[in-house]
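# Coordinates in review
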Amino acid sequence: MGDISKPVRRFDAPEKIMGTARYVDDYFEEEMLFVRIVRSTRPRARIKSIKLPKLPSGYCVVDKNDVPGENRIKMIFDDWPFFAEDVVNFYGEPILAIAGPDREKVYELSNAVKIEYEDIPPIYTIEESEENKRPPIFGENNLFADYFYEKGDPDGAFRDADQIVEEEFRTGFQEHIYLEPQGMIAKYEDGRITVFGSMQCPYYVKNALIKAFGFPEDRIRVVQTTTGGGFGGKEEYPSQIAGIAAFCAYKTGKTVKLVYDRAEDVEFTTKRHPSRIRIKGAIKDKRVVGIEVDIALNAGAYAGLSSVVLQRAMFAATGAYRIDNVRVLGKAFATNIVPLGAFRGFGAPQAIFAIETFMNHVAKKMGEDPVRFKLAHRYKKGDTTATGGLLRSEVRLPEITEKIIEMSEYYEKKKQKEKDGKLYGIGFSMFLHGCGFTGNGEEVLKSIARLKKRKDDKVEILISNVEMGQGPQTTLRKVVAQVLGIPMEDVIYENPDTDKVPDSGPTVASRTAMIVGGLLYRVAKELKEKWKEGEEVVVEKQYRHPEYIKWDQSTFKGDAYPEYSWGANVIEVEVDPLTYEIEVKKAYAVFDLGTPLDKKIIEGQIHGGMLQGIGYATLEVMEFENGRFKQRTITDYIIPTAMDAPLFETDLVVEPYKNGPFGAKCAGELTLVGAAPAVCAAVEDALGINLYEIPIRPEKLLVLMNKEDN
Ligand code: MOS
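Since the structure is predicted, the reported quantities are computational estimates derived from the model, not experimental observations.

## Observations concerning the state of the cysteines
For the coordinates displayed, the defined rule picks out 1 disulfide. Here C435 connects covalently by a disulfide to C666, the sulfurs 2.2 Å from one another. Taking the sign of the S-S torsion, about -60 degrees here, the bridge from C435 to C666 comes out left-handed. On the criterion of sequence distance, the pair formed by C435 in the loop between β17 (422-434) and α13 (441-445) and C666 in the loop between β28 (647-652) and α17 (670-673) is long-range, its members being 231 residues apart.

## A short note on the pairing of strand β14 (residues 287-300)
On a regular strand, each side chain points to the face opposite its neighbour's, so the side chains alternate between the two faces of the sheet. Counting buried residues in β14 gives 11 out of 14 residues, a clear majority hidden from the surface. Bridge analysis of strand β13 (residues 275-284) against β14 gives 10 bridges, and the strand direction is antiparallel. Its bridge partner lying in β14, K280 is registered against E292. With antiparallel pairing between neighbouring strands as the criterion, β13 and β14 make up a hairpin whose turn holds 2 residues, including D285 at a positive phi of roughly 45 degrees. Relative to strand β15 (residues 325-334), β14 is paired through 10 bridges, and the arrangement is parallel. Bridging across to β15, D294 finds its partner in L329. Taken together, β14, helix α8 (residues 306-315) and β15 constitute a β-α-β crossover, and its handedness is right-handed.

## Details of helix α18 (residues 675-687)
Counted at 1.5 Å a residue, the expected span for α18 with its 13 residues is 18 Å, and the 18 Å between its end C-alpha atoms agrees. For α18, the tally of buried residues reaches 13 of 13 residues, placing the bulk of the element in the interior. At the exit of α18 stands G688, carrying a positive phi of roughly 70 degrees.

## So, the packing of aromatic side chains
If you walk through the whole model with that rule in mind, you get 31 aromatic pairs. Judged by centre distance (5.1 Å) and plane angle (85 degrees), the rings of Y521 and F662 are edge-to-face. Of the two residues, Y521 is situated in helix α15 (residues 512-530) and F662 in the loop between β28 and α17; the sequence distance between them amounts to 141 residues. Taking 5.8 Å as the distance between ring centres and 80 degrees as the angle between the ring planes, the aromatic pair formed by Y561 and Y564 counts as edge-to-face. Y564 shares its class with Y561; the two are buried. Over the aromatic face of Y178 sits the side chain of K234, whose NZ or CZ is 4.3 Å from the ring centroid. The ring centre of F11 lies 4.1 Å from the NZ or CZ of R477, which sits over that ring.

## Things to note about the nonpolar core
In this structure, L209, W566 and I571 are the most contacted members of the largest nonpolar core, which totals 161 residues. Ranked by residue count, the leading element in this core is helix α9 (residues 348-365), at 10 residues. Judged by nonpolar contacts, the second largest core, of 27 residues, contains A449, A481, V516 and V523.

## Observations concerning empty space enclosed by the protein
A water-sized probe, rolled over the atoms, reveals where empty space remains. Counted according to the given criterion, the structure contains 4 cavities of 30 Å³ or more. Every residue lining the largest cavity is counted, 16 residues in all, and those nearest its centre are F315, A316, L432, Y561 and Y564. Every element with two or more residues in the lining of the largest cavity is listed here: α8 and β17. With 3 residues, the top contributor of residues to the lining of the largest cavity is β17.

## Focus on the environment of A664
With respect to the element layout, A664 can be found in the loop between β28 and α17. Considering only alpha carbons, one finds A664 and G594, 70 residues apart in sequence, at a separation of 4.5 Å. Apart from the residues within four sequence positions on either side, A664 is in contact with M514, L593, G594, T595, L597 and Y657.

## A word on the pattern of salt bridges
Tallied over the entire structure, the rule returns 64 salt bridges. Salt-bridge contacts for R392 lead to D559; the nearest nitrogen and oxygen are separated by 3.2 Å. Here the residue R392 occupies a position in the loop between α10 (370-377) and α11 (397-408), and D559 occupies one in the loop between β23 (557-558) and β24 (564-575), the gap between them amounting to 167 residues. According to the relative accessible area criterion, R392 is partly exposed, its value standing at 31%. Two residues, E693 and K700, come together in a salt bridge whose shortest N-O distance is 3.1 Å. The partly exposed category is assigned to E693, whose relative accessible area is 34%. Exposure remark for K700: the relative accessible area of 41% places this residue in the partly exposed category. Several salt bridges converge on common partners, so that one network encompasses E127, E130, E168, R170, R276 and R278.

## Some remarks on the domain arrangement of the protein
Domain annotation of the protein identifies domain 1 (27-120 + 181-259), domain 2 (275-438 + 557-709) and domain 3 (441-542). The distance between the C-alpha centroids of domain 1 and domain 2 comes to 37 Å. Opposite the 18 residues of domain 1 that make contact, domain 2 presents 22 residues. Both faces combined, the contact of domain 1 with domain 2 buries some 1,700 Å², and carbon together with sulfur accounts for 63% of it. When the area that domain 1 buries against domain 2 is broken down by residue, the three leading residues are F90, Y91 and F231, summing to 30%. For the interface between domain 1 and domain 2, the tally reads 0 salt bridges. Run the count over domain 1 and domain 2 and you get 7 residue pairs in polar contact (both at pLDDT 80 or more). Each residue belonging to the side of domain 1 that touches domain 2 can be placed in one class, and the counts come to 10 nonpolar, 3 polar and 5 charged.

Parameters and conventions
Residues numbered from 1 in each chain as written. Predicted model: local features only at pLDDT ≥ 70, side-chain atom pairs only at ≥ 80, totals over all residues. Heavy atoms only, no water. Disulfide = S-S within 2.5 Å. Helix = DSSP H or I, 4+ residues; strand = E, 2+ residues; numbered from the N terminus. Buried < 20%, exposed > 50% of the residue type's maximum accessible area, 1.4 Å probe, protein only. Pairing = 2+ DSSP bridges. Right-handed = clockwise from strand over helix to strand, strands pointing away. Expected span 1.5 Å × (residues − 1). Phe/Tyr/Trp six-rings, centres within 6.5 Å; stacked < 30°, edge-to-face > 60°. Lys NZ or Arg CZ within 6 Å of the ring centre and 35° of its normal. Core = buried A, V, L, I, M, F, W, Y, C linked by side-chain atoms within 4.5 Å. 1 Å grid on protein atoms, 1.4 Å probe; cavity = no way out; pocket = protein on both sides within 12 Å on 5 of 7 lines; lining within 4 Å. Points joined across faces, edges and corners; volume = space filled by probe spheres on them. Contact = heavy atoms within 4.5 Å. Salt bridge = Lys/Arg side-chain N within 4 Å of Asp/Glu carboxyl O. Domains from an automatic or database assignment. Buried area = accessible area lost by both parts, 1.4 Å probe. Polar contact = N/O pair within 3.5 Å; in protein donor to acceptor, adjacent residues only side chain to side chain. Nonpolar A, V, L, I, M, F, W, Y, C, P; charged D, E, K, R; others polar.

The structure is reproduced here in structure tokens:
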């Protein structure tokens, strides 16, 4: 690890620690209006009538009739309206908004709106959507996406198998709980709409507003404000808020603020898709030689990004394993739930939980040690992936595994069954993550990054990617400064403003360091050659995948990703033998994420990502009942705090990617995907049973263990 990996002080640390960073809700103006959304109180209904309270002067109502362009949020399919039209499809769907100068009064007025509904039978679960016995929500069969791909001869593998193992896995909702709830401020001045706010993807918001207003692009400006966490939650959803705030600004001519309170954010913004994953494995000579994975996602009321989330899940279906005969099926089901969306890992956490747990179960069935069993199936350099892509780099899973086994004393601890009166267990997971956009995403995007060397010899990074806590303010500055041989302090990187920065793509898919950072690295190389002291020099480049990357989006064949990061996790748990409460005591991780651009930032990503994965596996419960979530605040939606954090021990193995800056690959999502299956394996080890579902809750374990006893 070269100089680039050496930790430096984060550029965003002082203002965040001192409390001087300005988040969207920290901006106030005289004459500013506040907005409250009036939402559906039915999961599915036709709107019969709306009765408004008498509005004092200075207050106004904004609804579907105030959308100047199309009342549709631009995403993949354009089915999701800013404001409901005649039908509502989930509890909490925006119907109208009230804007006015006094926040309390706006709340009071919005509570006084009376809406009459005619209910339509709702659909909540994957099974209800699949049965299709109620009026469909989308198309004829409730499917936002229905995909399939194959490799080799899966039917032949099942025919010749010694044994066939079939299992079904379930994963639950997960809510992002970023520190800062979502919010936007909008203005309409001189014929232009400007929106400021908390977001990952300024150009997604800009493009959504272009469609919503029908304005030419030079009449829309989007500026990111300091963003307190995103985790995917601020990938697609901010367009919804930006639109409503902007319609209010357009109608009133005033500056308008729309900031969600925590309860609104928990209940009505996107979450991770619950899944049902069925795996059927063909076993021959104690090895999985064929596999069929059938992935069903509960996608909620509108399509959003569900089709792409499903694709990432499907391409991760065989995990880190080479299986030559593969069939993967995927469906995203429409239901009357808030649209489910992007969340760190983007479909991979569900798939990796399922395949890892499946491999553990098959290993046990074969009487083999899961670690050795997995190593026997692992991908190697030169193998083709499930989609038939080529693994061109060294896959250093043996070294990763060796390190983590030694570091965690896995085999010694595996013998242990009890500790301090608790049931003790240890679990292992092995996994990969595809770096950057899935499939043809990067090719469609054609990201542009620009560097501007000013007359004062300082250099501005001009990209649309954002700092949301993951560190690019620091890491990308380091990359540019090192290539140019100038101090980091001479590199300027401000929160993106679409008036100033080109579209370097969204801040998602663990693509910022590797894809955008790699592009900036090449721009900086060229700038170095063109450098003229005291003069302005601007260099920009457009991203293209390396020539050798081949992908067919219609058949899902080829290189689903240009490169992969790899990892292994070991987790130790103690389970209370009476209450079955789970305590995650220690978490070990060894990752190959290429060259770390800053070891401390990577350490932060590892702790945060793994803890989020541990929460996903154990604590984070969101139950849907009678059309509403039961958990609506952070009092009842529990995430791990510092007190729940295990001790972490981490190490890195570095297989550099030649197109990543200094060899960097992807990191942000990789750190989450392996935690849940390792926790599950540890709890299984402690209790001596097989589990099929996360979150793993004590009350469910109690029922399971009582059954086992009988
Ligand atoms: Mo993400 S889950 O690709 O913001």
